[in-house]
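Tertiary structure, described
If you want the building blocks of each chain, they are given just below.
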Amino acid sequence: MDSTALIPVQYGLDTLYFVLCGALVMWMAAGFAMLESGLVRAKNTAEILTKNIVLYAVASIMYLLIGYYIMYSSPEGGILPSLGFLIGDEHAVDVVAAGGEDAPYYSARADFFFQIVFAATAMSVVSGAVAERMKLWAFIAFAVVMTGFIYPIQGFWKWGGGFLDAAGFMDFAGSGVVHMTGATAALAGVLLLGPRKGRYGPNGQVNAIPGANMPLAALGAFILWMGWFGFNGGSQLRISTLEDANAVAQVFVNTNMAAAGGLVAALITARLLFGKSDLTMILNGALAGLVAITAEPLTPSALQATLIGGVGGVLVVFSILALDKLKLDDPVGAISVHGVVGLWGLLVVPLTNADASFGAQLLGAASIFAWVFIASLIVWAVIKMVMGLRVSEEEEYEGVDVAECGLEAYPEFTNKK
């Protein structure tokens, strides 16, 4: 049988797989929305939901207009990306049908869709960390710059063939390119924004501000766990060959085991530290395991993936406690989950992948952090000068739902009139 006769079938299968994985990652937007709406107070729920759905739309538009071009249309090995617009043409049928090593094996539009949802994920990390006290339109303004410029530039350095890729930096699905990037942007915002009123006392005490809806938070974690199979599995980029099919299956198994390891490790750590099985720490432990394995979900064994996730689950508990000691208020633990554990995910890659080096991984982590932190700090500062970052004390006390959205998510419970 002529091997070229199989090309349309393989092309269609790989395109379908790519699109379906992208849809799974898009569903992670719902996971972030549910997780964050469960971990904030009832009076701020509608606003956090608004942020999450708006940021996805903004990311889609900005990535179409300029972000995708910056990330994937620049000379290889460079630092400064090319500037341009839109996403180019679809692959010509005759080019695909001709076959050969350089022939495309999935639709260009499928790739664009898959990359959109990654850009949105990076921005979703930011929304939880700045919750309950940031102005809605300040957040939207930052989302425009983040998804259109800040994220694509560092994404080009690795996934677009820039200098980090040339240096041997490895990040399979984005522990650094996506998750640490989002956490770093969030950290810059939190530093300028300040903590929620009443979060920290004068003598160093940390006052608990419980979330309003633990069922929603747990649902959000389950959705994110499910969506992560598309996040990591889709990053294999194809499934139509025997080798790729086996690789996809290994990635799915490792992704699942890392989440399980992170959850159980966080459960045990919280129990030892607090004497209680803290649900919020357990949920963040699962997410930490997922972030940890994202940099390299293929080369570890299932047991190694469980242990990598487990270390992430321990790290996230101690990181959340450490940030509170520093009075860095992160209502959902996003900086710890995606930033601290994202760094761990990058640094552990050489332990299971012989092609990786600690030097290249450190170079990648440092480059991403420096660019995203400095750029984000500048953008946040400009937004603060132009429109302000923070709602008024009265609006924060009453809840940003009414002040920013003109409605309440739970009017029967929060409306005192």
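Everything that follows concerns the structure shown earlier in this document.
Residues numbered from 1 in each chain as written. Predicted model: local features only at pLDDT ≥ 70, side-chain atom pairs only at ≥ 80, totals over all residues. Heavy atoms only, no water.

1. Thoughts on the overall build of the protein
Across its full length, the protein holds 17 helices and 0 strands. Taken over the C-alpha trace, the protein has a radius of gyration of 21 Å; the compact-globule value for 417 residues is 22 Å, and the two agree within 12%. C-alpha atoms of the protein, sized along the principal axes, occupy 75 × 45 × 40 Å. Of all 417 residues assigned to the protein, the portion counted as buried reaches 56%. Taking all contacts inside the protein whose residues are at least 6 apart in sequence as the whole, residues at least 24 apart take part in 78%. With the model as given, the accessible surface of the protein reaches about 17,000 Å², and the carbon-plus-sulfur share is 68%. Side-chain charges of the protein comprise 19 positive and 31 negative groups, with the mean position of each set lying 17 Å from the other. (Helix = DSSP H or I, 4+ residues; strand = E, 2+ residues; numbered from the N terminus. Rg over C-alpha atoms; globule rule 2.2 N^0.38 Å. Buried < 20%, exposed > 50% of the residue type's maximum accessible area, 1.4 Å probe, protein only. Contact = heavy atoms within 4.5 Å. Areas by Shrake-Rupley, 256 points an atom, 1.4 Å probe, with all protein chains shown as cover. Lys, Arg positive; Asp, Glu negative; His and termini not counted. Charge placed at Lys NZ, Arg CZ, Asp CG, Glu CD.)

2. Re the packing of aromatic side chains
All told, the structure shown has 15 aromatic pairs when counted by the stated rule. Residues Trp157 and Phe163 carry aromatic rings whose centres are separated by 5.2 Å and whose planes lie at 65° to one another, so their mutual orientation is edge-to-face. The exposure class of Trp157 is buried, given its relative accessible area of 8%. Of note, Lys51 hangs over the ring of Phe139, and the distance from its end group to the ring centre comes to 5.2 Å. (Phe/Tyr/Trp six-rings, centres within 6.5 Å; stacked < 30°, edge-to-face > 60°. Lys NZ or Arg CZ within 6 Å of the ring centre and 35° of its normal.)

3. Looking at the layout of surface pockets
Where empty space is left can be seen by rolling a probe of water-molecule size over the atoms. A volume near 670 Å³ is recorded for the largest pocket. Considering the residues around the largest pocket, the lining is formed by 28 residues, among which Arg199, Thr280, Met281, Ile320 and Asp324 are closest to the centre. Counting only elements with at least two residues in the lining of the largest pocket, the list comes to helix H10 (279-294) and helix H11 (302-325). When residues in the lining of the largest pocket are grouped by element, the largest group, 5 residues, is from H11. Tallied by class, the residues present in the lining of the largest pocket amount to 13 nonpolar, 7 polar and 8 charged. (1 Å grid on protein atoms, 1.4 Å probe; cavity = no way out; pocket = protein on both sides within 12 Å on 5 of 7 lines; lining within 4 Å. Points joined across faces, edges and corners; volume = space filled by probe spheres on them. Nonpolar A, V, L, I, M, F, W, Y, C, P; charged D, E, K, R; others polar.)

4. Description of the pattern of salt bridges
As enumerated under the stated definition, the model contains 11 salt bridges in all. Residue Arg199 is joined to Asp329 by a salt bridge in which the shortest nitrogen-to-oxygen separation is 3.6 Å. In this pair, Arg199 is assigned in the loop between helix H7 (175-193) and helix H8 (214-233) and Asp329 in the loop between H11 and helix H12 (334-347), connecting sequence segments 130 residues apart. By relative accessible area, which is 11% here, Arg199 ends up buried. (Salt bridge = Lys/Arg side-chain N within 4 Å of Asp/Glu carboxyl O.)

5. Quick look at the environment of Met71
Looking at the secondary structure, you find Met71 in helix H2 (residues 45-72). Residue Met71 is classed as buried on the basis of its relative accessible area of 0%. Sequence separation between Met71 and Ala166 is 95 residues, and the spatial gap between their C-alpha atoms is 15 Å. Excluding its chain neighbours within four sequence positions, the residues that come into contact with Met71 are Tyr63, Gln115, Tyr151, Pro152, Gly155, Phe156, Trp159 and Gly160.

So far we have only geometry, and geometry alone does not tell us how the molecule works.
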